[in-house]
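Results of the structural survey
Residues per chain, in single letters:
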Amino acid sequence: MMEGPPQQDDQKNIVQLLSSLLQQHAASAAASSKQTNIAPPQDHERSKGNDDADANADDSAEMLLMTLKANYSADTILNMLTPYLFLPDNNNDNNHGDGGHYPPSSSHALSLLIFLVTTDSAFYLEAASRSVRRAVGKIQQQPKQQQRMTVSPALLTTLATQVVASPNGQVSMNASATLVTCSQIMGLSFVQSTLQAIVEYWKSSMTINNKTNSIARVRCASAVVDLIVGLSGAPQTQRQQPEEEGGTGGATVLTMARESGALSLFVQMLQDESDPLIQMSMLDLLERLASTTGKSETSLLSTPSPSVDPPTAFMMHQRLEWLLSPSVVNPLLYMAGSSASPDSDAIMTNDGGDEKEEEESLEPDSLLGGPALRVLAALCQLVATVGAEQRTNDRHHHHEAAISTFAARQDAQRLWTGFYRALHKFDGSLELDRLVLVDAVSSLAMASTDALAMVLSDTNLLQPWLTVTNTTNPKLKAAILHSIAMVLQHSYHSSRFSDQSSVDNSNNSSMVTENDENNNNPAASSELKKQVYGFVGGMNNQGGGGTSVNVHAATSFLVSLVHAPFPEVRLGAYAVLTAFAGHTLTGAQILLQSVDFVTLLFRPAGEQQEERTKEGREAKYALVQAVYNSPAKGLLAESIVQQLDSMLQRGPHYVRAVPQPWQLATEEG
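**What about the overall build of the chain?**
Secondary structure assignment for the chain yields 30 helices and zero strands. Sequence-distant contacts, at least 24 apart, represent 72% of the contacts inside the chain between residues at least 6 apart. Accessible area for the chain stands at about 31,000 Å²; split by element, carbon and sulfur atoms hold 51% of it.

**Describing empty space enclosed by the protein**
For the structure on display, the rule yields two cavities of 30 Å³ or more. Volume-wise, the second largest cavity comes out at about 60 Å³. Among the elements of the structure, α10 (253–260) and α13 (313–323) are those that each provide at least two residues to the lining of the second largest cavity. Among the elements that take part in the lining of the second largest cavity, α13 stands out by supplying three residues, more than any other. Considering only residue class, the lining of the second largest cavity consists of four nonpolar, two polar and one charged.

**A word on the pattern of salt bridges**
This model, assessed by the stated rule, comprises nine salt bridges. Residues R374 and D284 are paired through a salt bridge, measuring 4.0 Å at the closest nitrogen-oxygen approach. One end of the pair, R374, is in helix α16 (residues 369–394); the other, D284, is in helix α12 (residues 276–291), and 90 residues separate them in sequence. Between K475 and E568 there is a salt bridge whose closest N-O contact spans 3.9 Å. Of this pair, K475 sits in helix α21 (residues 474–488) while E568 sits in helix α25 (residues 567–583), and the two are 93 residues apart along the sequence. By sharing partners, the salt bridges in this structure join D75, E126, R130 and R134 into a single network.

**Details of helix α5 (residues 121–141)**
Residues three or four positions apart in an α-helix share a direction because the helix packs 3.6 residues into each turn. With 21 residues, α5 extends 29 Å from end C-alpha to end C-alpha; this agrees with the ideal 30 Å at 1.5 Å per step. At A128, α5 shows its strongest bend, of approximately 25°.

**Thoughts on the packing of aromatic side chains**
Aromatic ring pairs are reported here in terms of the distance separating the ring centres and the angle at which the planes meet. A full pass over the atoms with the stated rule returns three aromatic pairs. Ring centres of F123 and Y124 lie 4.8 Å apart, and the angle between their planes is 85°; this geometry places the pair in the edge-to-face category. Each of the two residues, F123 as well as Y124, counts as buried. When the centroid spacing of 3.7 Å and the interplanar angle of 0° are considered together, the rings of Y533 and F580 count as stacked. With Y533 in helix α23 (residues 522–539) and F580 in helix α25, this pair connects stretches of sequence that are 47 residues apart. Exposure remark for F580: the relative accessible area of 0% places this residue in the buried category.

**Observations concerning α23**
Its 18 residues place the ends of α23 25 Å apart at the C-alpha level, agreeing with the 26 Å of an ideal helix rising 1.5 Å per residue. Where burial is concerned, most of α23 is hidden: 13 out of the 18 residues are buried. Two residues or fewer past α23, N541 is found with a positive phi of approximately 60°.

**Describing the packing of helix α9 (residues 211–230) against α12**
Two elements in contact, α9 and α12, have axes whose closest approach is 10 Å; the angle formed by their N-to-C orientations is 5°. Between α9 and α12, the interaxial angle falls into the category roughly parallel. In contact with S214, R217, V218, A221, S222, V225, D226, I228 and V229 of α9, α12 contributes I278, S281, M282, L285, R288 and L289. Of the residues contributing to the contact of α9 with α12, the split by class is nine nonpolar, three polar and three charged.

**Thoughts on the environment of L476**
Mapped onto the fold, L476 is located in helix α21. In this structure L476 comes out as buried when scored by relative accessible area, which is 6%. Taking C-alpha positions, L476 is 8.9 Å from V569, a pair spaced 93 residues apart along the chain.

**A closer look at the nonpolar core**
Judged by nonpolar contacts, the single largest core of 182 residues is most densely connected at F86, W322, W465 and Y533. Examining the composition of this core, we find that twelve residues originate from one element, α16, more than from any other. Leave out the neighbours within four places in its chain, and Y533 touches L488, V551, A554, T555, L558, V576, L577, F580 and L591.

**Points about the confidence of the model for the chain**
Overall, the prediction assigns the chain a mean pLDDT of 78, with 70% of residues at 70 or greater. When mean pLDDT is compared element by element in the chain, helix α11 (residues 262–270) scores highest at 96, while helix α22 (residues 516–519) scores lowest at 49. pLDDT under 50 marks residues 235–250. Its contacts with residues more than four places away, or in other chains, come to 35 contacts. Overall, residues 494–517 carries pLDDT values under 50, and its contacts beyond four positions in sequence, including any with other chains, amount to 76 contacts.

**Observations concerning the environment of L600**
On the secondary structure map, L600 appears in helix α27 (residues 595–602). L600 gets classed as buried once you look at its relative accessible area, which sits at 2%. Along the primary structure L600 and V559 are separated by 41 residues, whereas in three dimensions their C-alpha atoms are 7.5 Å apart. Discounting residues that sit within four places of it in the chain, L600 has contacts with V559, V562, H563, Y574, L577 and K620.

**Comments concerning the side chain of S443**
When you line up the elements, S443 lands in helix α18 (residues 431–445). When its relative accessible area of 3% is taken as the criterion, S443 is described as buried. A distance of 2.7 Å separates a polar side-chain atom of S443 from the backbone oxygen of D439. Those residues within four positions of S443 in sequence are excluded, and the remaining contacts are A377 and Q381.

**Comments concerning the packing of α11 against α12**
At their nearest, the axes of α11 and α12 sit 8 Å apart, and the two run at 125° to each other. Considering their axes alone, α11 and α12 lie oblique with respect to each other. Residues F266, M269 and L270 of α11 pack against I278, Q279, M282, L283, L285 and L286 of α12. Classifying every residue of the contact of α11 with α12 by side-chain character gives eight nonpolar, one polar and no charged.

**Some remarks on the environment of L323**
Secondary-structure assignment places L323 in helix α13. L323 sits 59 residues away from L382 along the chain, and the two C-alpha atoms are 9.9 Å apart. Each residue touching L323, except ones within four places of it in the same chain, is listed here: L286, L289, A290, V328, V329, L379 and L382.

Criteria and cut-off values
Residues numbered from 1 in each chain as written. Predicted model: local features only at pLDDT ≥ 70, side-chain atom pairs only at ≥ 80, totals over all residues. Heavy atoms only, no water. Helix = DSSP H or I, 4+ residues; strand = E, 2+ residues; numbered from the N terminus. Contact = heavy atoms within 4.5 Å. Areas by Shrake-Rupley, 256 points an atom, 1.4 Å probe, with all protein chains shown as cover. 1 Å grid on protein atoms, 1.4 Å probe; cavity = no way out; pocket = protein on both sides within 12 Å on 5 of 7 lines; lining within 4 Å. Points joined across faces, edges and corners; volume = space filled by probe spheres on them. Nonpolar A, V, L, I, M, F, W, Y, C, P; charged D, E, K, R; others polar. Salt bridge = Lys/Arg side-chain N within 4 Å of Asp/Glu carboxyl O. Expected span 1.5 Å × (residues − 1). Bend = angle between axes of the 7 residues up to and from the residue. Phe/Tyr/Trp six-rings, centres within 6.5 Å; stacked < 30°, edge-to-face > 60°. Buried < 20%, exposed > 50% of the residue type's maximum accessible area, 1.4 Å probe, protein only. Axes fitted to C-alpha atoms, helices over the stretch in contact; angles between N-to-C directions. Parallel < 35°, antiparallel > 145°, perpendicular 65-115°, else oblique. Core = buried A, V, L, I, M, F, W, Y, C linked by side-chain atoms within 4.5 Å. pLDDT = per-residue confidence, 0-100. Polar contact = N/O pair within 3.5 Å; in protein donor to acceptor, adjacent residues only side chain to side chain.

If you want it as structure tokens, here you go:
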């Protein structure tokens, strides 16, 4: 069986075989349509002759199929056929009105493709989904002005059916990716048709509860998320027709999803407590909406993945408004143990005995609590990120500020309050739950400088986040260290959402309010990062332990982890040291005051205890770069600066040559 791109002779052979198969298929289809009428008695002999002819045609078609399969791979065969699916029928129907010649029209190409798949689905089904996706990807790779394609209603229905009902999960993913790419090329008018087809399937799957329909619902929801993410980077009016010409006007994918009923169905599934597994799937999709950067997450080997631009500020702001709506946030808070009901807008307070007793009785859902907390953490980060980008954008595009910021502020306030309470409800004693809690606390710490200050003043959050010594799992230790590094290297910006965002904590009176002066003041954020670094020492029983802030104890502790036997722990320790040196005003200067750190930094490569893995050498090189580029460089002696410069010029993988014993021997005489 032939693999790879066919040669010219092979292409000719495949074309000839497909042409013959197309003729046989067209003739068979025409004969079948004629036989729908009952033949009169006098035509019995002629009818019998037609049956014999049909049998011969079937035999001939079977031989052609066997020849194709025996000599060529399914991908090779289908790559010769699928590009014709996206050509207008009137481009080539005039050449062969009966549809029996090659190249085929789009309708006959689709008919032949369906025939191949239904005849031998094991051989053709998955390959067909790859080939169709590849054909659309090639169109997208062409210059914009040369991108010409048509998707017939029959082809759209076929793709939507494969998304929802295909027994092969990979086929469903390929079909969804194909619809996204088609939408990017053809614009929102095609999105509207796609959403209508998906929602129609979605609604029908909601009528009966069974395993098949549950899978179909999740796939419908996933396809809608694919469209929202895939088209968030394009201007909202790109490649659209005006409304008077049948276009979508100034709509966006999210508004169209809302108007089609897709978002209502999504929320309905999120709140369906009768099927926790579906709720889990909805949480995964929400996390993707909350944390996506616009890059495709469904790339396929050797297949062009949909080209996804980073989301525009307008698109992300619009998406955030829906994600912060009570219909989405309330179920999340309920699952995380911060709300008494998934439909309740009230967050439990500490005022009044009855309310406090009810609050204390709330517990996170044993299955959904962790994933819900992870989504809430992603939303908190998104609030800060979109808010900062929107404020920057407003300085240049004042018309984009015409959004319901007041509602967003109220929703953001509910999010902060509920998330903070959920953190205190969550039990991180198990390692997997501890990982979720570490991620959630670090996400809150990166939301704003005031959020970071609040975390630093709350021992109940610091202890599970910063303590490394209370676990023997090296992967968990590495995750904790990398979360600390992420906070240390995070750039804090102001957020438009947070001027009314506050957290009323009975244990802490700090308010989560964005302070522009702190967020835009490097000295203020640097000082808070220095406290985070210092707490690493105290929380790990170094330099007095407990809640003490001791940067020198933290340095000694992290240098000791650099010599740990597990590579992931060593890389995590390097990451914290590098972030502290490169992203705080005095971090490198503090590090250079430690004898242990100086010994680590200047130990010649190749010596005992020196990092011997590729990743470790690169991590140490990054640390040297951070120290060299820091303000502390100006305080160092010229000889030390020259030594650092020499280390950088040699690169991360330099190893000093060690003379062998026989090279040291000298001849006497």
